[in-house]
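Understanding the architecture of this molecule
So the chains spell out like this:
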Amino acid sequence: MTDLWAGVDVGTQSLRVLLAGDDGTVVARAGVPLSSRRAGGRHEQDPADWWTALGAAFRAALRGVPPERVRGVAVCATSGTFLLAGRDGTPRTPALMYDDARATDREVAETGVQRTWALPKLRWLLRHGTADVRAGLADGRLMVRHSGDHLADRLTGTLVATDWTSALKTGYDGGWADAGVPGLPDVVRPGTLLGTVRADGAAHTGLPVGVPVRAGLTDGCAAQVAAGALAVGSWNSVLGTTLVVKGVTANRIADPSGAVYSHKHPDGGWLPGGASNVGAAVVDDWFPGADRATLDRAAAAHEPAGALVYPLRSAGERFPFVRPDATAFTVGGFTDDADRYAGLLQGVAFVERLCYAHLRRLGADTSGSLTLTGGATRSRYWSQLRADVLGRPVTLPATAEPALGMAIVAAAGDGSLTDTAARMVRVAETLDPQVGDRFAEPYGRFVEALAARGYIDAAYAEEPS
């Protein structure tokens, strides 16, 4: 009857709950689908759906598990997603999602950050929200609540502090001095005790009254924790809908382009990273309903592929370079679907290699371990291909879910997150790169194609992998 730690991951398509023991053994997990609304550059979710999903997921995960074993809970969510709520915690707006791009050039220029960050969208609400929203924001009657904050509010029955990773895209950098909007929450270290589950939260979820609720992280940071990439020089590539790269540096690195930004490490140091608009979702776009295992086997005969691909799903790129006008392109021609599939997978891997080249150019140490997580790791072929393109060993964790990262945060509390992750993260496999860099020449042409479009400079082709 060991202690259990609960992690919650509020994603775009689902909310997931995971229960893990002190050694990282996953005892139970459950997920509930979520939906969202898109219109032009807008992307919204209903916060009420998060609460409904949280209750259903916890009750499913706790089926057959004594609830009194749960000793703590922490929540992660998409970075930059927020809503406005009254002082009683009641939502007064939909949730503006992490990729909502309604902010105008004016707000982007004022804030100096990417359009999809929370801060430009807050400035937009101050100008273009409803009259009640504008007035409530201006006088502080409305509070900014990130996704994890809102669920912690409801579990504890009070407005809680936010964590410093969730606050970053809202304008927090050691303080709120430059945010320019009222109604901002207090900020604490991830793992800090926010409160305990009250009667309403217990009735909704099946958790016992009194379970500690800890400050969480963004989903990208949570995935990094689940990967165990918390020592200086170690990195984690999360390849899901998009490609997110995060690592650890002793000192904060500066990127004038804005492609890379750094969260503060809960144990000291920094967690730099960036998110590309390239990702595994483009495979579904190009090959809907295809048998991936069959395509994986066929792709091995096309290394390198007959053409180069920069596989953006829509206009705009944010890492390894920032270009809102960037578009997808193909250079050359494919012989068949297997060749086309191979070129697509290689194109994503080339973007990943370029991301690490950009990080090294900024002075980041990338010599430590590299862990691959995200839905793309279900393809062992693609994981091996990425090791080959990167020219380095890659590690695949046994459980690579942000929800596990949050269970680790709940278990660590105010203690060492790094040490707790070392105890709870298990390795499934390590893949070594195959001998010889057969992708050096096509990668060089890939860089040249980007340079010809003015996105980067051609010197990246000379960067070691």
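Above this text is the structure in question.
Read on for a plain summary of the structure.

What counts as what
- Residues numbered from 1 in each chain as written.
- Predicted model: local features only at pLDDT ≥ 70, side-chain atom pairs only at ≥ 80, totals over all residues.
- Heavy atoms only, no water.
- Core = buried A, V, L, I, M, F, W, Y, C linked by side-chain atoms within 4.5 Å.
- Buried < 20%, exposed > 50% of the residue type's maximum accessible area, 1.4 Å probe, protein only.
- Helix = DSSP H or I, 4+ residues; strand = E, 2+ residues; numbered from the N terminus.
- Contact = heavy atoms within 4.5 Å.
- Expected span 1.5 Å × (residues − 1).
- Polar contact = N/O pair within 3.5 Å; in protein donor to acceptor, adjacent residues only side chain to side chain.
- Pairing = 2+ DSSP bridges.
- Axes fitted to C-alpha atoms, helices over the stretch in contact; angles between N-to-C directions.
- Parallel < 35°, antiparallel > 145°, perpendicular 65-115°, else oblique.
- Nonpolar A, V, L, I, M, F, W, Y, C, P; charged D, E, K, R; others polar.
- Salt bridge = Lys/Arg side-chain N within 4 Å of Asp/Glu carboxyl O.

**Side note on the nonpolar core**
Formed by 58 residues in total, the largest nonpolar core has its most connected members in Val-245, Tyr-310, Leu-359, Trp-382, Phe-446, Leu-450 and Ile-456. Looking at this core element by element, the count peaks at 13 residues for helix α11 (residues 337-361). Setting aside its immediate chain neighbours within four residues, Phe-446 contacts Leu-308, Val-309, Tyr-310, Gly-347, Phe-350 and Val-351. Counting 40 residues, the second-largest nonpolar core is a separate cluster that includes Leu-19, Ala-30, Ala-57 and Val-160.

**Remarks on α11**
Between its terminal C-alpha atoms α11 stretches 36 Å, which fits the 36 Å expected from 25 residues at 1.5 Å a residue. Burial within α11 is extensive, with 21 of its 25 residues counted as buried. Two or three places before Ala-338, at the opening of α11, Asp-336 has a side-chain oxygen 3.2 Å from that residue's backbone nitrogen. Gly-363 occupies a position one or two residues after α11 and carries a positive phi of about 100 degrees.

**Re the pairing of strand β17 (residues 270-276)**
Among the seven residues that make up β17, six are buried, leaving the element largely enclosed by the rest of the structure. For strand β15 (residues 243-247) and β17, the ladder comprises four bridges, and the chain directions are antiparallel. Looking at β17, one finds that Val-244 is bridged to Ala-275. Relative to β17, strand β16 (residues 261-264) runs antiparallel, the two sharing four bridges. Counterpart to Tyr-261 in the pairing with β17 is Gly-273.

**Quick notes on helix α3 (residues 118-128)**
A large share of α3 lies buried, amounting to eight of its 11 residues. Taken residue by residue, α3 has Ala-118, Leu-119, Pro-120, Lys-121, Leu-122, Arg-123, Trp-124 and Leu-125 as its buried positions. Elements in contact with the buried residues of α3: β5 (42-45), β7 (82-85), β8 (95-96), α2 (105-111), α4 (131-139) and β9 (143-146).

**Let's talk about the side chain of His-302**
The residue His-302 is located in the loop between α10 (292-299) and β18 (307-310) in this model. The buried category is assigned to His-302, whose relative accessible area is 16%.

**Thoughts on the packing of helix α8 (residues 219-227) against helix α13 (residues 402-412)**
Put simply, α8 and α13 touch, their axes get as near as 7 Å, and they point 80 degrees apart. Between α8 and α13, the angle falls in the class roughly perpendicular. Residues Asp-219, Ala-222, Ala-223, Val-225 and Ala-226 of α8 pack against Pro-402, Leu-404, Gly-405, Met-406 and Ile-408 of α13. Taken together, the residues of the contact of α8 with α13 sort by class into eight nonpolar, one polar and one charged.

**Quick look at the sheet that holds strand β1 (residues 4-10)**
Reading across from one edge, β3-β2-β1-β6-β13-β12 is the order of the six strands in this open sheet, with mixed pairing throughout. Edge strands, defined here as strands with exactly one partner in the open sheet, are β3 (26-33) and β12 (193-196). Averaged over neighbouring strand pairs, the angle between their axes works out to 20 degrees when direction is ignored. Here seven bridges tie β1 to strand β2 (residues 14-21), and the two strands are oriented antiparallel to one another. Paired with Val-10 across the strands is Leu-15, a residue of β2. Across the sheet, helix α1 (residues 47-61) is in contact with β1, β2, β3 and β6 (70-77); its angle to β2 comes to roughly 35 degrees.

**Here we look at the pattern of salt bridges**
For the structure on display, the rule yields 28 salt bridges. Linking Glu-352 and Arg-386 is a salt bridge whose minimum nitrogen-to-oxygen distance equals 2.9 Å. Pair noted here: Glu-352 is in helix α11 and Arg-386 is in helix α12 (residues 380-390), with a separation of 34 residues, a long-range link. Taking the shortest distance from any N to any O, the salt bridge between Asp-437 and Arg-353 comes out at 3.5 Å.

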